[in-house]
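# Tertiary structure, described
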Amino acid sequence: MEDNRLQAYINLIQQLLNCPSGEELELLQTNSVLVDAEFLEVMEKVASQVENQGALGAAIFLRKLAQQIREVLVEATQMYRLDGGKRSEAYLKLIETLLFSPSGTEAEILRNHQHLIDGAFVLMISQIAGIFAEIGENQAVLFLRSIAAPLAKVVSNSGSDESFAEYLDFLADALRVTSESKVDAQVVYPLLKANLDKLDLRLAEVLAKWASETLPKVKPEIALSIAGDIVNFSTLIQQFTLGSRVNNLEIAIKGYEAGLSVFSQQNTPQQWAATQNNLGNAYTDRILGDKAANLESAIKCYQAALKVYQRKSFPEQWAGTLNNLGNAHVDRLLGNRANNLEIAIQCYQAILEIYQRGIYPEEWARTQNNLGNTFQIRIRGYRTQNLETAITHYKLALQVYQRSFSPKQWARAQNNLGNAYCSRILGDKALNLENAIKCYQAALEVRIRDKAPQEWARTQNNLGSAYIERVLGNRAENIEAAIACFEAALEVRTRENTPFDWAMTQNHLGNAKRFRIQGNKAENIEAAIACYYEALEVYKQDTAPEQWAMLQNNLGTAYLNRILEDKAENIEISIKYYKAALEVFEKDTYPQRWVTTLKNLATAYLNRIHGDRQENLRLATECFKAAKQKF
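As a starting point, this report considers the structure included with it. Every value quoted in this text rests on a predicted model; they were computed, and no experiment measured them. (Residues numbered from 1 in each chain as written. Predicted model: local features only at pLDDT ≥ 70, side-chain atom pairs only at ≥ 80, totals over all residues. Heavy atoms only, no water.)

## What to know about the packing of helix α20 (residues 407-423) against helix α21 (residues 429-446)
For clarity, the threshold we go by: To obtain each axis, a line is fitted to C-alpha atoms, and for helices this fit is confined to the stretch in contact; angles are then taken between N-to-C directions over 0 to 180 degrees. Helix and strand labels come from DSSP, where a helix needs a run of H or I of at least four residues and a strand needs a run of E of at least two; each type is numbered from the N terminus. Geometric relationships in this document are graded by angle, where less than 35 degrees denotes roughly parallel, more than 145 denotes roughly antiparallel, 65 to 115 denotes roughly perpendicular, and other angles denote oblique. Here is the rule for handedness: rotate from the far helix to the near one, and if that takes an anticlockwise turn smaller than a right angle the crossing is left-handed, while a clockwise turn gives right-handed. We call two residues in contact when some of their heavy atoms are within 4.5 Å. Residues are grouped as follows: Ala, Val, Leu, Ile, Met, Phe, Trp, Tyr, Cys and Pro are nonpolar; Asp, Glu, Lys and Arg are charged; every other residue, Gly included, is polar.
Interaxial distance between α20 and α21 falls to 8 Å at its minimum, and their mutual angle equals 160°. Comparing the axis directions of α20 and α21 gives the class roughly antiparallel. Our pair here, α20 against α21, has a crossing hand that is left-handed. In contact with Pro407, Lys408, Trp410, Ala411, Gln414, Asn415, Leu417, Gly418, Asn419, Tyr421 and Cys422 of α20, α21 contributes Asn432, Leu433, Asn435, Ala436, Cys439, Tyr440, Ala442, Ala443 and Val446. Per-class residue counts for the contact of α20 with α21 are 13 nonpolar, six polar and one charged.

Written out as structure tokens, the structure reads:
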């Protein structure tokens with residue numbers, strides 16, 4: 001091979017690597033005299049060199065492009081051998097026809113000769129264009145290239161592995177941009193925004209498949225570099241707000257798992273621990289899969305990270321991961337609920353030894369907020385005192401969270417303080433509810449639907465709950481206000497994207513419909529029952545036992561008060577639902593709800609039509625006595 005031609009090959013390869021995406025074919029057509037078997041050999045050597053240097057995206061690009069060129073060359077050669085050159089003569093005749101045909105008739109001519117349009121024909125056009133370029137016929141060159149470019153795209157898109165290749169190309173671009181920008185979201189996110197159609201479960205599959213096939217085969221130092229790029233990309237896409245939240249999380253999970261196939265606790269402890277923590281966050285937020293299993297996976301990841309993140313060696317990372325572990329235990333569905341909450345409290349209290357107000361004010365305030373959340377739902381201890389402790393923690397957080405400096409955190413603490421006031425036992429109930437409503441309304445001054453839709457919906461849901469309980473004002477108007485809040489929240493909360501939140505609001509809307517004064521009472525109760533059944537499509541006994549039992553209790557009350565259908569049968573259904581609720585609401589685990597449900601069951605027995613009257617009275621009396629003793 002002559003040195004001049006070798007340099008020409010290298011120059012063309014460099015141009016292909018640097019040209020904008022989509023212009024490669026045009027560049028090859030312009031340099032068609034260089035496109036031959038030797039050019040392909042040089043491309044492979046360059047691909048191997050850049051791969052050894054860690055530029056795997058460039059290597060993938062060159063090899064894929066070389067394969068496409070190789071297929072066209074083979075096809076052209078085979079066609080020529082099969083027809084003794086007659087097909088090539090047909091190509092030349094078609095090109096001649098196109099060159100001398102009236103302007104505007106090219107599309108019709110091509111449609112009439114579809115049997116000739118293939119990769120070899122596109123290559124022939126490029127070769128003819130090259131000849132015209134050498135003799136200075138620039139107008140003919142432009143004309144032929146304007147025809148070849150769209151035909152090349154059609155031909156190249158006809159492959160059976162088109163989908164995988166397209167996703168792989170995008171993945172290579174995403175990893176390259178992530179690496180070159182040093183994980184700059186302002187650089188990477190425009191690329192993601194321009195390719196929202198590829199941010200789906202297919203990309204997650206392609207990432208996992210490519211990583212599993214590639215990472216074990218390359219040199220260890222290259223594998224580490226690639227794994228780092230994958231994990232960094234996963235972090236960015238996990239935080240990406242556009243596209244499908246479901247898909248973004250799945251892509252992130254596959255990326256973190258790919259990284260952990262390279263990182264290890266022994267050889268790369270800090271990268272391994274950081275990735276474990278990030279994977280835990282992704283599993284905590286995951287929408288697909290079983291919620292309980294996802295949280296167990298998250299807990300395992302956090303516990304793994306804490307094997308490296310020791311308090312003395314990595315105090316900040318230790319505290320951050322312990323915070324995440326506490327959050328996961330608050331949400332945990334498996335295990336003893338009371339124990340899970342105590343573990344969460346222990347985690348939060350421990351990290352306050354690191355997150356001191358004077359040194360880490362934001363983290364200190366966040367932990368105070370988390371402690372408030374946990375004490376608000378705490379099972380152990382006295383309910384009255386737990387709620388007062390929660391209120392104290394929220395007020396401490398608000399000493400740091402000021403609306404002017406940290407509006408989002410301020411709004412979150414206001415929302416949570418509103419929740420505590422709604423549940424408060426001490427003090428005047430009417431005043432507590434008015435304080436709650438003020439807190440929610442304050443939060444909504446910051447939580448605007450267009451800018452923070454999920455947070456806005458959460459506070460709308462909570463405000464609706466406060467209006468249901470409200471003592472002051474007109475009762476009928478309060479309930480209508482509650483319904484408006486819940487229906488507004490459901491405009492954002494959908495079963496597909498936020499199933500658990502959607503189910504929660506459906507349950508609350510059911511309560512509001514059941515309490516409704518305006519409208520037809522019978523229709524209101526039917527609407528309530530429909531809402532509860534909707535929520536049960538998400539809340540299952542094995543995955544969300546507390547919420548499932550709450551719905552069973554609510555359905556029991558709705559059927560007990562039902563006007564339509566047979567009253568005796570409605571009461572039997574009511575008893576069935578109350579008993580189902582008591583399978584979860586046991587006196588030691590959920591004492592307050594156990595008492596409430598037991599009283600409801602007693603009321604159902606008192607009103608029962610079926611069965612022996614004396615037996616029903618006996619069952620009702622037993623329920624009341626048990627509830628009174630516990631209370």
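That was the structure; now back to the text.
## Re α21
Inclusion rule: Here the expected length of a helix is defined as 1.5 Å per residue gap, with one fewer gap than residues. Relative accessibility decides the category of a residue: with a 1.4 Å probe and only protein chains considered, values under 20% of the type maximum give buried, values over 50% give exposed, and everything between is partly exposed. Whenever two N or O atoms come within 3.5 Å, that pair is a polar contact, provided that in protein one can donate a hydrogen and the other can accept it, and provided that, for residues adjacent in sequence, both atoms are side-chain atoms.
Taking 1.5 Å as the rise per residue, α21 with 18 residues should run 26 Å; its terminal C-alpha atoms sit 27 Å apart, in good agreement. For α21, the set of buried residues is Ala430, Asn432, Leu433, Glu434, Ala436, Ile437, Cys439, Tyr440, Ala442, Ala443 and Leu444. Between the side-chain oxygen at the start of α21 and the backbone nitrogen of Ala430 there is a gap of 3.3 Å, and the oxygen is on Asp428.

## Concerning the pattern of salt bridges
To be explicit about the condition: The term salt bridge refers to a pairing of a side-chain nitrogen on Lys or Arg with a carboxyl oxygen on Asp or Glu at a separation within 4 Å.
Taken as a whole, this structure holds 23 salt bridges when the rule is applied. Residues Asp197 and Lys198 are paired through a salt bridge, measuring 3.7 Å at the closest nitrogen-oxygen approach. With a shortest N-O distance of 2.8 Å, Glu480 and Arg516 are connected by a salt bridge. A residue pair is termed long-range when its members are at least 10 positions apart, and Glu480 in helix α23 (residues 475-489) and Arg516 in the loop between α24 (499-515) and α25 (521-536) qualify at 36 residues. Here Arg516 falls in the partly exposed class, since its relative accessible area comes to 23%. Put simply, Asp173, Arg176 and Glu180 are held in one network by salt bridges that share partners.

## Observations regarding the nonpolar core
Filter applied, for reference: For the purposes of this section, nonpolar cores are sets of buried Ala, Val, Leu, Ile, Met, Phe, Trp, Tyr and Cys residues that join through side-chain atoms within 4.5 Å.
Tyr401, Leu417, Leu463, Tyr539 and Leu555 are the most contacted members of the largest nonpolar core, which has 73 residues in total. Not counting the four nearest positions on each side in its chain, Leu417 is found in contact with Ile391, Tyr394, Leu398 and Cys439. Formed by 61 residues, the second largest nonpolar core is a distinct cluster that contains Leu207, Leu260, Tyr302 and Ala305.

## Overview of the environment of Ile237
The topology assignment puts Ile237 in helix α12 (residues 220-238). On the accessibility criterion, Ile237 (0% relative accessible area) is buried. The residues contacting Ile237, other than those within four sequence positions of it, are Leu192, Leu199, Asn248, Ile251 and Ala252.

## Re the side chain of Thr284
Residue position: Thr284 is located in helix α14 (residues 269-285). With a relative accessible area of 15%, Thr284 lands in the buried category. Setting aside chain neighbours within four positions, we find Thr284 in contact with Lys291, Leu295, Ala298 and Tyr302.

## Focus on the environment of Ala140
Tracing the backbone through its elements, the reader meets Ala140 in helix α8 (residues 138-156). Separated by 41 residues in sequence, Ala140 and Leu99 have C-alpha atoms that sit 7.5 Å apart.

## Details of the side chain of Asn324
Relative to the helices and strands, Asn324 resides in helix α16 (residues 315-331). The class of Asn324 is buried, set by a relative accessible area of 15%.

## Considering unusual backbone geometry
Excluding glycine, residues mostly have negative phi values, and the peptide bonds linking residues are mostly trans. Unlike most non-glycine residues, Val183 shows phi in positive territory, near 60°. Among the secondary structure elements, Val183 is positioned in the loop between α9 (162-180) and α10 (185-194). Residue Val183 is classed as partly exposed on the basis of its relative accessible area of 31%. One non-glycine residue, Glu565, lies in positive phi territory at about 65°. Relative to the helices and strands, Glu565 resides in the loop between α26 (545-560) and α27 (567-582).

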